[in-house]
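# Coordinate analysis (summary)
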Amino acid sequence: MTTVVSSGLDPYRRVLPNGAVVIVQETAFSPAVTMNFGFRAGSLDEPDDRPGLAWFLGRVIDRGTASRSADDIAEVLDDRGVALRVTTNRHVVTLSCTCLAEDFRDVLEVLADVARNAAFPTEEIEKRRAEAITAIRQDQDNTGVRAAEALQRLLYGERHPYGRPAKGSVASVERFTRDDLVAHHERHFAPETMTIVIVGDVRAAEAADAVQAAFDGWNKPHSAPRDVPPVVRTTARQRLIIEMTDKSQSDIAYGFTSISRLDPTYCSHWVMNNILGQFGLGGRLAENIREKQGMAYYAYSSFDPSLGPGPLVIRAGVDPANVQRTIAAIDAEVGALGRDGATDRELAETLQFLVGSIPRMLETNQSIATFLQTAEFFALGLDYDRRLPSLLRAVTRDDVRAAAASVLDPDRASVAVAGPK
Amino acid sequence: MRAAHLDNGLKLLIQELHTAPLVSVWCWYRVGSGDEPPGQTGVSHWVEHMNFKGTTNIPRDEMKGIVEKFGGTWNGYTWIDQTTYLETAGKDALDTLLFIEAERMARGLYEPQECESERTVIISELQGGENDPDQLLDIEVTGTAFRAHPYRHPTIGWIDDLRSMTRDDLYGHYRRYYVPQNATLVVVGDVDTEEVLRRAETHFGGIAGGTSPLRQRPAEPQQIGERRVVLEREGTTAYLKLAWHAPEARHADFLPMLVLDAALTGAKGLNIWSSFRGAPPQRRARLYTALVEKGLASAVGGAMLPTREPFLYSIGLTAMEGVALDALEAAATAEIERVRVAGLTELEVTRAKRQLRARLVFETDSVTNVAHQIGYFETVTGPGFLDDLPARLAAVTPAHVADVAARYLSRERRTVGWFRPLKGGE
């Protein structure tokens with residue numbers, strides 16, 4: 001009963017004379033275009049004494065260029081119904097937006113100007129600084145964020161870039177200067193750190209020409225991206241409790257360091273995580289914690305692709321009285337999968353799901369853009385969507401058992417809980 | 001799009017879209033938290049949860065995995081006017097998805113132990129929402145703005161009702177509302193319309209039609225004076241919410257209000273399933289320039305949602321660190337009063353309409369979102385609402401917008417909510 005997958009992707013890739021990579025995928029669902037500008041300039045590459053700088057740069061980068069004021073930029077985008085989103089993760093700062101096909105060239109021109117010539121006006125830095133501090137204060141009041149950030153700290157240590165909160169701290173944001181922003185932009189926003197993905201109602205070669213024209217004459221060196229510092233695997237159980245008295249519910253974040261996206265066993269880990277905490281409502285974890293014990297609205301695990309050993313994170317939100325029972329249930333599921341691996345049926349169902357979900361994953365312009373950006377970043381190849389089914393189907397029960405055994409062990413789990421006593 | 005009825009009254013809306021080998025099936029019921037009697041608040045949402053807990057021919061532990069075999073995703077949601085269930089999967093799943101929805105409509109098990117287990121899951125969902133001060137404030141403001149109409153209680157229900165409702169309450173609600181006469185089945189994707197009709201007849205044709213329950217809700221009396229609610233709890237950030245009684249989707253004032261909201265806070269569009277998840281374009285919006293750019297608020301949002309009966313237009317503001325709520329409220333009120341007195345400029349109205357036109361394109365970017373819009377408006381407003389929407393939107397003038405601003409956004413029709421954070425130990 002396996003769904004037949006017909007690959008929809010046929011991306012066009014061009015390396016511009018200045019070294020930038022442009023990928024275009026034509027789609028015909030609606031007269032809209034999504035564009036993603038990704039730069040290898042994420043939090044890994046910020047100075048260790050400037051935590052949060054890459055994220056903060058994302059708040060200011062689109063607030064003025066050498067020739068356009070923040071108002072000018074807002075005018076072009078707002079008038080066309082475009083909301084520019086800047087996201088920052090460990091490795092990449094991404095500018096992304098969707099516009100009507102008729103507005104593609106106008107919006108492209110503004111984004112290219114922002115990427116090349118961001119001016120970081122002092123007045124804008126001060127406005128965005130106050131917003132950033134408010135956002136960090138909001139995070140401090142959020143049980144989910146507090147637990148997740150505490151887990152990152154336990155897993156990687158405060159000094160490792162993967163261990164720090166992406167937004168930094170109030171203290172670090174207060175210290176950022178315009179020079180810090182200009183320096184980060186100068187070092188890490190350059191043609192060779194950039195991948196542009198365009199998906200939508202465009203002609204591929206014409207869109208690539210338009211991008212090439214928008215970046216014509218932009219040639220500059222950049223600092224070599226930083227290698228991920230070594231990660232020391234935890235060998236003993238660690239636990240951290242954050243008390244937040246007025247809250248109704250406690251959030252649990254429980255996890256391990258795992259593997260790099262570049263690791264050849266990545267697909268085995270992906271399948272293993274799906275069985276543990278994704279399949280259906282949330283894999284074995286939700287079956288136990290939500291369906292059998294009725295303790296949580298959400299219980300799941302996630303496993304994000306990273307250059308270095310990324311975290312495998314289990315999350316659940318429960319009544320404060322049920323925290324110990326929930327941790328015991330997580331221990332039981334983690335222990336069982338780590339010890340015994342998955343059943344034949346689980347493996348078959350998960351593979352059928354993951355392979356069958358590829359067309360759905362690649363349905364919207366935004367999801368295609370994200371997929372192609374990831375494929376380019378990790379050098380997975382432009383035909384990755386066509387190779388993926390066979391890569392997944394090659395995963396065996398032994399592979400899943402080995403992946404689970406290498407990561408899942410309650411005796412070395414890190415556990416953070418935020419909520420009432 | 002093809003519209004058809006089975007003999008038992010089930011309405012079918014089918015749209016073929018052959019851009020990807022996918023199908024999205026949604027089954028909509030004309031029941032939501034606005035239909036709940038006192039003492040049973042939250043019953044519609046709890047029933048939605050129970051409808052994933054097993055049917056005569058799909059035991060609970062087999063529900064998980066059926067859609068996944070086709071690479072599919074599934075979900076459901078409940079709001080004030082509607083309850084809906086969806087699956088989007090490879091097109092070969094069509095027959096299975098129709099089978100699931102027919103089972104859900106007619107043959108839910110409602111086993112007592114499953115009802116009990118779900119009670120605590122829902123209480124956990126409620127408590128998770130209470131952890132968020134902004135959400136907590138929204139519930140308090142809505143409850144304060146309405147006195148008689150059942151839109152006043154949150155869709156998840158009041159905690160005491162969730163603790164006291166019984167299996168029979170749930171099952172009674174399910175049997176009353178889950179009948180073909182009260183439902184619409186929407187199918188969008190890489191399908192053949194005739195085949196969908198045949199298969200729908202196979203799966204749903206044998207279900208007794210029932211009757212569509214009358215929706216008689218108490219009318220909300222006209223609000224004659226400002227109302228206020230102040231929450232003080234441990235926290236780090238202050239929030240302000242302003243809410244006014246607003247027209248329902250079918251009212252002639254609805255689109256001018258939608259344009260007004262776009263000009264004040266940025267256009268969201270009309271898809272509450274997807275559009276409201278990302279930030280709208282708002283840097284030129286009135287309240288953004290007056291409050292965020294002036295350093296009084298770190299974020300502003302507006303919600304003018306399409307509903308069956310008059311609901312609320314609300315504006316939510318996050319106070320900037322160090323800004324007092326009374327200063328933020330005064331500045332927001334002053335800007336809204338300016339719009340009430342002088343209206344918007346021609347440019348603002350043109351921009352807002354252009355934004356909305358773009359958002360209507362962006363929010364139908366998948367078979368899932370196309371199907372949502374078809375089913376949502378069929379259920380909430382009745383047929384025809386979407387057909388001439390772009391034309392009606394284009395016809396909105398600055399005079400319309402000025403008129404609705406002056407009439408709806410008055411002080412005596414508003415409810416003001418403050419969340420004032422108490423630092424630990426204060």
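Residues numbered from 1 in each chain as written. Chains lettered and ligands numbered in written order. Predicted model: local features only at pLDDT ≥ 70, side-chain atom pairs only at ≥ 80, totals over all residues.

### Observations regarding the overall build of chain A
Within chain A, the secondary structure is distributed over 16 helices and eleven strands. Against the compact-globule benchmark of 22 Å for 421 residues, chain A has a radius of gyration of 22 Å, which places it among compact chains. Expressed as lengths along the three principal axes of its C-alpha atoms, the size of chain A is roughly 60 × 50 × 35 Å. Counting contacts in chain A only where the partners sit at least 6 residues apart, residues at least 24 apart contribute 81% of the total. (Helix = DSSP H or I, 4+ residues; strand = E, 2+ residues; numbered from the N terminus. Rg over C-alpha atoms; globule rule 2.2 N^0.38 Å. Contact = placed C-beta atoms within 7 Å.)

### Some thoughts on the overall build of chain B
Along the backbone of chain B there are 15 helices and eleven strands. Here chain B has a C-alpha radius of gyration of 22 Å; the compact-globule value for 426 residues is 22 Å, and the two agree. Summarising its shape, the C-alpha atoms of chain B cover approximately 60 × 50 × 40 Å along the three principal directions. Taken over 426 residues, chain B has a buried fraction of 53%. A separation threshold of at least 6 residues defines the contact pool for chain B, and within that pool the share at least 24 residues apart is 82%. (Buried ≥ 20, exposed ≤ 12 C-beta atoms within 10 Å, placed from the backbone.)

### Brief notes about the interface of chain B and chain A
Facing the 53 residues of chain B at the interface are 60 residues of chain A. Breaking the side of chain B that touches chain A down by element, the ones donating at least two residues are strand 5 (83–90), helix 4 (112–130), strand 7 (227–234) and helix 12 (346–362) of chain B. The dominant element in the side of chain B that touches chain A, judged by the number of residues it contributes, is helix 4 of chain B, at nine residues.

### Section: the sheet that holds strand 8 (residues 250–257) of chain A
Residues and elements named next belong to chain A. Pairing within the open sheet is mixed, and its five strands lie in the order 7-11-8-10-9. One side of each edge strand has no neighbouring strand; the edge strands of this open sheet are strand 7 (238–243) and strand 9 (296–303). When strand polarity is set aside, the average angle formed by the axes of neighbouring strands in this sheet is 10 degrees. Taken strand by strand, helix 9 (residues 266–277) contacts strand 9 and strand 10 (311–318), and its axis lies near 175 degrees from that of strand 9. (Pairing = 2+ DSSP bridges. Axes fitted to C-alpha atoms, helices over the stretch in contact; angles between N-to-C directions.)

### Quick look at the sheet that holds strand 8 (residues 239–245) of chain B
Residue and element names in this part refer to chain B. Read from one edge to the other, the open sheet built from five strands follows the order 7-11-8-10-9, with strand pairing classed as mixed. Looking at strand neighbours, the two that pair on one side only are strand 7 and strand 9 (297–304), the edges of this open sheet. For this sheet, the mean inter-axis angle between neighbouring strands, taken without regard to orientation, is 15 degrees. Both strand 8 and strand 11 (residues 414–422) contribute to a ladder of six bridges, which runs antiparallel. Within strand 11, the position partnered with Trp244 by the bridge is Arg414. Together, strand 8, strand 9, strand 10 (312–319) and strand 11 form the strand contacts of helix 11 (residues 325–342), whose direction differs from that of strand 8 by roughly 40 degrees.

### Side note on the pairing of strand 11 (residues 414–419) of chain A
Side chains on a regular strand alternate between the two faces of the sheet. Residue and element names in this part refer to chain A. Burial analysis of strand 11 places six of its six residues in the buried class, which makes it a mostly covered element. Side chains Ser414, Ala416 and Ala418 of strand 11 all project onto a buried face; the interleaved residues Val415, Val417 and Gly419 project onto the opposite face, where all are buried too. In the sheet, strand 7 pairs with strand 11 via six bridges, with the strands oriented parallel. Looking at strand 11, one finds that Glu243 is bridged to Gly419. Two strands pair when backbone bridges link them, and strand 8 and strand 11 are joined in this way by five bridges, in the antiparallel orientation. Bridge assignment links Tyr254 to a residue of strand 11, and that residue is Val415.

### Points about unusual backbone geometry
Only a minority of non-glycine residues have a phi that is not negative, and only a minority of peptide bonds are not trans. Residue and element names in this part refer to chain A. Positive phi values are uncommon outside glycine, yet Phe120 reaches one of about 50 degrees. Among the structural elements, Phe120 can be located in the loop between helix 3 (104–117) and helix 4 (122–140). Using a count of 21 C-beta atoms within 10 Å as the deciding quantity, one classes Phe120 as buried. One non-glycine residue, Ala379, lies in positive phi territory at about 55 degrees. Its place among the elements puts Ala379 in the loop between helix 14 (365–377) and helix 15 (384–393).

### A few points about the domain arrangement of chain B
All names here are of chain B. Segmentation of chain B into domains returns domain 1 (2–204) and domain 2 (227–422). Here the C-alpha centre of domain 2 lies 27 Å away from the C-alpha centre of domain 1. With 30 residues of domain 1 in contact, the opposing surface of domain 2 contributes 27 residues. Of the residues assigned to the side of domain 1 that touches domain 2, the class counts are 16 nonpolar, nine polar and five charged. (Domains from an automatic or database assignment. Nonpolar A, V, L, I, M, F, W, Y, C, P; charged D, E, K, R; others polar.)

### A short note on the packing of helix 2 (residues 70–79) of chain A against helix 3 of chain A
Residues and elements named next belong to chain A. Contact geometry for helix 2 and helix 3: axes closest at 10 Å, N-to-C directions at 150 degrees. Comparing the axis directions of helix 2 and helix 3 gives the class roughly antiparallel. As helix 2 packs across helix 3, the resulting crossing turns out to be left-handed. Where helix 2 abuts helix 3, its residues Ile73, Val76 and Leu77 lie against Asp106, Val107, Val110 and Val114. (Parallel < 35°, antiparallel > 145°, perpendicular 65-115°, else oblique. Left-handed = near helix turned anticlockwise from the far one by under 90°.)

### Structural notes on the domain arrangement of chain A
Residue and element names in this part refer to chain A. What the domain assignment lists for chain A is domain 1 (12–214) and domain 2 (238–419). Taking the mean C-alpha position of each, domain 1 and domain 2 sit 27 Å from one another. Listed per partner, the contact involves 28 residues of domain 1 and 31 residues of domain 2. Elements supplying a minimum of two residues to the side of domain 1 that touches domain 2: strand 2 (21–26), strand 3 (32–39), helix 5 (143–156) and strand 6 (194–200).

### A few points about the packing of helix 1 (residues 43–50) of chain B against helix 7 (residues 167–177) of chain B
Residue and element names in this part refer to chain B. Running from amino to carboxyl end, helix 1 crosses helix 7 at an angle of 85 degrees, the nearest separation of the two axes being 9 Å. Our classification of the angle between helix 1 and helix 7 gives roughly perpendicular. Each of Val43, Ser44, Trp46, Val47 and Met50 in helix 1 lies in contact with helix 7, whose residues at this interface are Asp169, Leu170, His173 and Tyr174. For the contact of helix 1 with helix 7, a count of residues per class yields six nonpolar, two polar and one charged.

### Here's the deal with helix 8 (residues 204–214) of chain A
All names here are of chain A. The complete set of buried residues in helix 8 reads Ala207, Ala208, Ala210 and Val211. Buried residues of helix 8, seen end-on, are gathered within an arc of 155 degrees and therefore sit on one face of the element. For helix 8, exposure combined with an orientation more than 90 degrees from the buried face picks out Ala205 and Glu206. Residues of helix 8 that are buried in the fold lie against strand 1 (12–15), strand 2, helix 3 and strand 6. (Arc of directions from axis to C-beta.)

### Some words on helix 1 (residues 53–60) of chain A
All names here are of chain A. Of all eight residues that make up helix 1, eight are buried, and the element is covered over most of its length. Every buried residue of helix 1 is accounted for by Leu53, Ala54, Trp55, Phe56, Leu57, Gly58, Arg59 and Val60. Those residues of helix 1 that are buried lie in contact with strand 4 (85–88), strand 5 (93–100), helix 4, helix 6 (170–175) and helix 7 (178–188).

### What to know about the environment of B:Gly143
Residues and elements named next belong to chain B. With respect to the helices and strands, Gly143 occurs in helix 5 (residues 133–145). Taking C-alpha positions, Gly143 is 45 Å from Asp92, a pair spaced 51 residues apart along the chain. Setting aside chain neighbours within four positions, we find Gly143 in contact with Arg152 and His153.

### Observations regarding the environment of A:Lys421
Residues and elements named next belong to chain A. Within the secondary structure, Lys421 sits in the segment after strand 11. Sequence-wise, Lys421 and Leu307 are 114 residues apart; in three dimensions their C-alpha atoms are separated by 37 Å. Residue contacts for Lys421: discarding those within four places in its chain leaves Glu243 and Thr245.

### A few points about the confidence of the model for chain B
A residue-level look at chain B finds 99% of positions with pLDDT of 70 or above and a mean pLDDT of 96. The ipTM for the predicted assembly is 0.94, set against a pTM of 0.96. (pLDDT = per-residue confidence, 0-100.)

### Focus: the environment of B:Lys53
Residues and elements named next belong to chain B. Considering the arrangement of structural elements, one finds Lys53 in the loop between helix 1 and helix 2 (60–63). Note: C-alpha distance between Lys53 and Leu185 (132 residues apart in sequence) is 21 Å. With near-sequence residues (within four places) excluded, Lys53 lies in contact with Arg60, Leu109, Glu114 and Glu118.

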